[in-house]
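Topology and contacts: notes
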Amino acid sequence: MKNIIARAAAIAAALGIAWGTPVMAHDDGTWSLAIHGGAGTLERSDMSPERDAAYRAALQTALDAGAAILKNGGSAVDAIEAAILVMEDDARFNAGRGAVFTWDGTHELDASIMDGRDRAAGAVAGVTGIRHPITLARKVMADGTHVMLSGRGAEEFAAEQGLETMPPEWFDTDARREALERLKAEKLSAIDVDIKFGTVGAVALDKDGNLAAGTSTGGMTGKRWGRIGDAPVIGAGTYADNSSCAVSATGWGEYFIRAGVARTICARVHMLGESAQAAADAVIADVGQMGGDGGVIVVAPNGDAVFSMNTGGMYRGRATSAGASEVAIFADE
Ligand code: ASP
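A brief look at the structure comes next.

**With respect to a nonpolar patch on the surface**
On the surface, Val-147, Met-148 and Ile-228 cluster together to form a nonpolar patch covering roughly 230 Å² of accessible area. With respect to the helices and strands, Ile-228 occurs in the loop between β6 (211-217) and β7 (238-241). Accessibility expressed as a relative area gives 34% for Ile-228, which makes it partly exposed.

Set out below in structure tokens:
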């Protein structure tokens with residue numbers, strides 16, 4: 001291990017790469033966006049054709065919202081927020097409206113955002129009643145005093161910032177309530193009832209060569225004791241650095257925190273010179289070896305937009321200046 005670190009540091013030094021500096025300048029109009037709407041046990045047999053089509057349409061709407069901004073020369077941060085806002089309002093996804101229920105029948109929302117330009121970051125954990133947690137995370141980043149706010153304090157900050165709130169029932173959905181009831185009645189774990197996790201995220205490269213990443217979630221069904229997953233943890237669920245990549249994760253948060261997933265992917269790209277795909281695959285394999293499951297979306301400074309998962313599927317999509325605009329659900333697509 002020591003050898004690998006020494007070798008990586010030597011390579012980075014030889015290449016003159018410092019953290020936080022862009023590896024590649026962009027003046028060719030390259031932009032790129034990837035989104036996810038959660039990874040999990042997704043079987044084709046669970047999906048009616050109507051359901052399948054509705055999810056794909058929802059992903060395409062979010063993708064189009066972000067892509068339109070990038071196409072017009074907008075920033076990566078604006079693009080990922082726009083894509084996530086769409087999914088937070090869509091009750092199909094476990095973020096904002098449609099978030100899973102906690103053990104106590106509430107919704108505690110987590111979100112984070114990171115700007116690859118200067119590695120500014122903002123995160124909120126365990127907030128209730130906030131319509132758009134990703135916007136609150138962005139306000140935390142813009143304020144700049146702190147990186148992560150939780151619970152009541154975060155809600156007070158949201159009120160000061162004039163963020164929109166919604167009554168508890170606005171977040172409720174029958175499917176998520178049934179999942180909580182089943183978890184309690186059958187003494188199941190969140191993994192058993194969260195057939196598809198449903199967390200949302202987006203990563204982008206804008207025409208100026210800047211990267212950004214964001215993630216938003218209700219966490220895991222039946223969570224207790226103020227449990228916080230990886231989504232609001234910078235370096236676990238979200239990371240962006242112009243010199244390496246932008247990552248948003250979804251999956252069994254405890255493992256993603258322990259493996260430091262998002263930061264490790266970017267560190268491998270930066271220090272070992274791996275491609276975004278190779279780094280993402282290696283880290284997801286590591287999570288799998290620990291016993292966790294899930295997936296990531298990654299965008300690299302050269303415009304590559306890649307996915308990696310060890311689950312049956314991940315709701316996902318990507319759009320690039322090279323003309324790609326596609327959504328997918330199952331791992332083998
Ligand atoms: N990673 C999220 C959490 O652990 C859940 C998910 O991605 O579905 O809170």
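**Description of the environment of Ala-137**
Mapped onto the elements of the fold, Ala-137 is located in helix α4 (residues 133-143). Along the chain, Ala-137 and Val-299 lie 162 residues apart, while their C-alpha atoms are 21 Å from each other.

**Details of the side chain of Ser-32**
Relative to the helices and strands, Ser-32 is located in strand β1 (residues 32-40). Looking at Ser-32, its side chain comes within polar contact range of the main-chain oxygen of Gly-303, at 2.8 Å. The residues contacting Ser-32, other than those within four sequence positions of it, are Leu-70, Val-203, Ala-204, Leu-205, Val-299, Gly-303, Asp-304, Ala-305, Ala-319 and Thr-320.

**A word on the packing of aromatic side chains**
What the rule picks out here adds up to five aromatic pairs. With a centroid separation of 4.4 Å and 10 degrees between ring planes, the pair formed by Tyr-55 and Tyr-315 is classed as stacked. Of the two residues, Tyr-55 sits in helix α2 (residues 49-71) while Tyr-315 sits in strand β11 (residues 313-320), which places them 260 residues apart along the sequence. Per residue, the accessibility class of Tyr-55 equals that of Tyr-315, and both read buried. Pairing Trp-252 with Tyr-255 gives two aromatic rings, centres 4.9 Å apart and planes at 75 degrees, and the pair type is edge-to-face. Residue Tyr-255 is classed as buried on the basis of its relative accessible area, which comes to 15%. Members of the aromatic cluster, joined through ring pairs, are Tyr-55, Phe-93 and Tyr-315.

**A few points about the packing of helix α9 (residues 261-272) against helix α10 (residues 276-290)**
At a minimum axis separation of 9 Å, α9 and α10 run at an interaxial angle of 140 degrees. Between α9 and α10, the interaxial angle falls into the category oblique. Crossing of α9 against α10: the hand is right-handed. Taken together, the residues of α10 that come into contact with α9 (itself represented by Val-261, Thr-264, Ile-265, Arg-268 and Val-269) are Ala-276, Ala-279, Ala-280, Ala-282, Val-283 and Val-287. Tallied by class, the residues present in the contact of α9 with α10 amount to nine nonpolar, one polar and one charged.

**Side note on the sheet that holds β6**
Read from one edge to the other, the open sheet built from eight strands follows the order β4-β3-β2-β6-β5-β1-β11-β12, with strand pairing classed as mixed. Each edge of the sheet is formed by a strand with only one pairing partner; in this case those strands are β4 (148-150) and β12 (325-330). Each strand axis lies, on average, 10 degrees off the axis of its neighbour in the sheet, ignoring direction. Judged from the six bridges that link them, strand β2 (residues 109-115) and β6 form a sheet pairing that is antiparallel. Bridge assignment links Ala-111 to a residue of β6, and that residue is Ser-216. Its contacts with the sheet place α2 against β1, β5 (200-205), β11 and β12, and it is angled at close to 145 degrees to β12. This element, helix α3 (residues 76-89), spans β1, β2, β5 and β6 of the sheet and lies at about 160 degrees to β5.

Rules and cut-offs
- Residues numbered from 1 in each chain as written.
- Predicted model: local features only at pLDDT ≥ 70, side-chain atom pairs only at ≥ 80, totals over all residues.
- Heavy atoms only, no water.
- Patch = residues over 30% accessible without salt bridge, like charges linked within 9 Å, V, L, I, M, F, W, Y side chains within 5 Å.
- Areas by Shrake-Rupley, 256 points an atom, 1.4 Å probe, with all protein chains shown as cover.
- Salt bridge = Lys/Arg side-chain N within 4 Å of Asp/Glu carboxyl O.
- Helix = DSSP H or I, 4+ residues; strand = E, 2+ residues; numbered from the N terminus.
- Buried < 20%, exposed > 50% of the residue type's maximum accessible area, 1.4 Å probe, protein only.
- Polar contact = N/O pair within 3.5 Å; in protein donor to acceptor, adjacent residues only side chain to side chain.
- Contact = heavy atoms within 4.5 Å.
- Phe/Tyr/Trp six-rings, centres within 6.5 Å; stacked < 30°, edge-to-face > 60°.
- Axes fitted to C-alpha atoms, helices over the stretch in contact; angles between N-to-C directions.
- Parallel < 35°, antiparallel > 145°, perpendicular 65-115°, else oblique.
- Left-handed = near helix turned anticlockwise from the far one by under 90°.
- Nonpolar A, V, L, I, M, F, W, Y, C, P; charged D, E, K, R; others polar.
- Pairing = 2+ DSSP bridges.

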